[in-house]
Amino acid sequence: MKALEEIKVVEFAAFAAGPVVGKYLADHGATVVHIESKVRPDGFRAHYPPYKDNIHGLNRSGLFALCNNDKLDITLNLKKAPKATDLAKRIVAWSDVVIENFSPGTMKRLGLDYEALRKIKPDLIMLSSSNLGQSGPHAHHAGFGSQLSSLAGFTHLTGYPDGPPQILYGPYIDYIAVAYGAVAILAALDYRERTGKGTHIDTAQYETGLQFMAPILLDYKINGKVASRNGNRDPAAAPHGAYPCKGDDSWCVISASSESDWESLCRAMGNPAWTKESRFATLQSRKEHEDELDQKIGAWTTGFTAREITEKLQASDIRAGIVNTMRDIYSDPQLKHRKQWVELEHPEIGKMHYQRPPFFLTRTPSGPERRDPLLGEHNGYFYQELLGLSEKEYQELVAEGVID
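Predicted model only: the values in this text are computed from it and were never measured.

## Section: the sheet that holds strand E8 (residues 251-255)
Read across the open sheet, the 3 strands follow the order E7-E8-E9; overall the sheet is antiparallel. Strands at the two margins of the open sheet, each flanked by one partner only, are strand E7 (240-244) and strand E9 (319-322). In this sheet, neighbouring strand axes are inclined to one another by 20° on average, regardless of whether the strands run parallel or antiparallel. Sheet topology places E7 next to E8; 5 bridges connect them, and they run antiparallel. Bridge pairing in E8 places Gly241 opposite Ile254. Sitting on the sheet, helix H14 (residues 290-301) touches E7 and E8, and the angle it makes with E7 is about 40°.

## Section: the environment of Gly170
As for its placement among the helices and strands, Gly170 is situated in the loop between helix H8 (154-157) and helix H9 (172-195). Taking the C-alpha atoms as reference points, Gly170 and Ile349, separated by 179 residues in sequence, lie 22 Å from one another.

## Looking at the pattern of salt bridges
Scanning the model with the defined rule gives 28 salt bridges in all. In this structure, Lys38 engages Asp404 in a salt bridge whose closest nitrogen and oxygen atoms are separated by 3.9 Å. Here Asp404 lies in the segment after helix H19 (391-399) and Lys38 lies in the loop between strand E2 (31-36) and helix H2 (43-47), a separation of 366 residues in the sequence. For Lys38, a relative accessible area of 54% corresponds to the exposed category. Look at Asp404 and you get partly exposed, because its relative accessible area is 26%. Three or more residues are tied together by salt bridges with common partners; here these are Arg233, Lys287, Glu290, Asp291 and Asp294.

## With respect to the pairing of E2
With 5 of 6 residues buried, E2 lies mostly within the body of the structure. Sheet topology places strand E1 (residues 8-12) next to E2; 4 bridges connect them, and they run parallel. By the bridge assignment, Glu11 is partnered in E2 with His34. Viewed along the sheet, the connection from E1 through helix H1 (residues 19-27) into E2 turns out right-handed. As defined by bridge partners, E2 adjoins strand E3 (residues 72-75) across 4 bridges and the pair is classed as parallel. Paired with Val33 across the strands is Leu72, a residue of E3.

## Topic: the side chain of Ser129
The residue Ser129 is located in strand E5 (residues 125-130) in this model. The exposure class assigned to Ser129 is buried, which follows from its relative accessible area of 3%. Among the polar contacts made by the side chain of Ser129, one reaches the side chain of Gln205 at a distance of 3.1 Å. Setting aside anything within four residues of it in sequence, one finds Ser129 in contact with Ala17, Glu100, Asn101, Thr203 and Gln205.

## What to know about the nonpolar core
Counting 29 residues, the largest nonpolar core has Phe12, Ile35, Leu76, Leu87, Ile91, Phe382 and Tyr383 as the members making the most contacts within it. Looking at this core, the elements with two or more residues in it are E1, E2, E3, helix H4 (83-94), helix H6 (114-117), helix H18 (379-386) and H19. Considering each element in turn, this core owes the most residues, 6 residues, to H4. Counting residues in hydrophobic clusters, the runner-up holds 24 residues, among them Ala13, Ala16, Phe64 and Ile125.

The rules behind these values
Residues numbered from 1 in each chain as written. Predicted model: local features only at pLDDT ≥ 70, side-chain atom pairs only at ≥ 80, totals over all residues. Heavy atoms only, no water. Pairing = 2+ DSSP bridges. Helix = DSSP H or I, 4+ residues; strand = E, 2+ residues; numbered from the N terminus. Axes fitted to C-alpha atoms, helices over the stretch in contact; angles between N-to-C directions. Contact = heavy atoms within 4.5 Å. Salt bridge = Lys/Arg side-chain N within 4 Å of Asp/Glu carboxyl O. Buried < 20%, exposed > 50% of the residue type's maximum accessible area, 1.4 Å probe, protein only. Right-handed = clockwise from strand over helix to strand, strands pointing away. Polar contact = N/O pair within 3.5 Å; in protein donor to acceptor, adjacent residues only side chain to side chain. Core = buried A, V, L, I, M, F, W, Y, C linked by side-chain atoms within 4.5 Å.

On their own, these measurements won't tell you what the molecule is for.
As structure tokens, then:
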């Protein structure tokens, strides 16, 4: 039996910030039902590549697949009120947990906010994951993770001192927020088991990103210092950067934050004469001549592949690593050993690599076990067998476009 096997979860959610929370729960056995509609399918299905063979299709999105393994998928057109609203409430009454990541106010306009739903399910746990939280002067501003990366300060810190801010790849903070959302739901389940009471969790994705800013937030609060872009540099390490290696666009990263680190690096490089010069003798002097230091180290690293240089330096206890490409990640020996990628067959995508959770539970192993669902794939099974609709009632709702 898996850890969450008896938990039932309903997702009024799309993209990443809601569905990946559900994926984590599904990986550990929860029955997770993803709700969308043909009129408004999940945005990852409809708009975001990659698509298999670069051919658009609602069941061909790799990004949707990665976020939704082991789930059931049903269609419900929430615009068909009041019948759709009534049906949604029956679904909620069946569940333990509701996940939604609409803009604040949307669930209330649909008649499906927490106060309405707790009347039919008093011990309901509901996660509302939005950009800026459910309250405050900017709560109703819509957006995506890329904007949140800017609000949380990441963009201001990314780039070179004489260049513009750089946006991080993808909805970075969405994927931070999902970890908080999953943990909050587990805490709420524990609370419900002890007290019998439900909980409404108000997650502001913006705020979840601030944990990564803690040192520089404190530096401003205590010292009045505003951190800014500084390339790959670090105030407490030199060298500290990405260095070219043998091959096409191949790189390694190296960091030396103490004199013993520096001495170990010098020995690994064969103690070339330039390392004995006074301008490289201390951390402070290396910081003052960091451009030249990077050039000299880069000239040395180009004689090795990224893996060769990483293994050589790590053997001397020097902080070094490979800058993996996406191709490298699929063949990374550490990830292969831990079976991070699970290959499952998908009817339209073919062989798809789904991602395991980054932790193991020895007594209750996790998925993925089942591929992501096709749009509306489980309508009949869920509505009739799990929710208990009669065949007549089910067919009428389909004909009226409520289940669509």
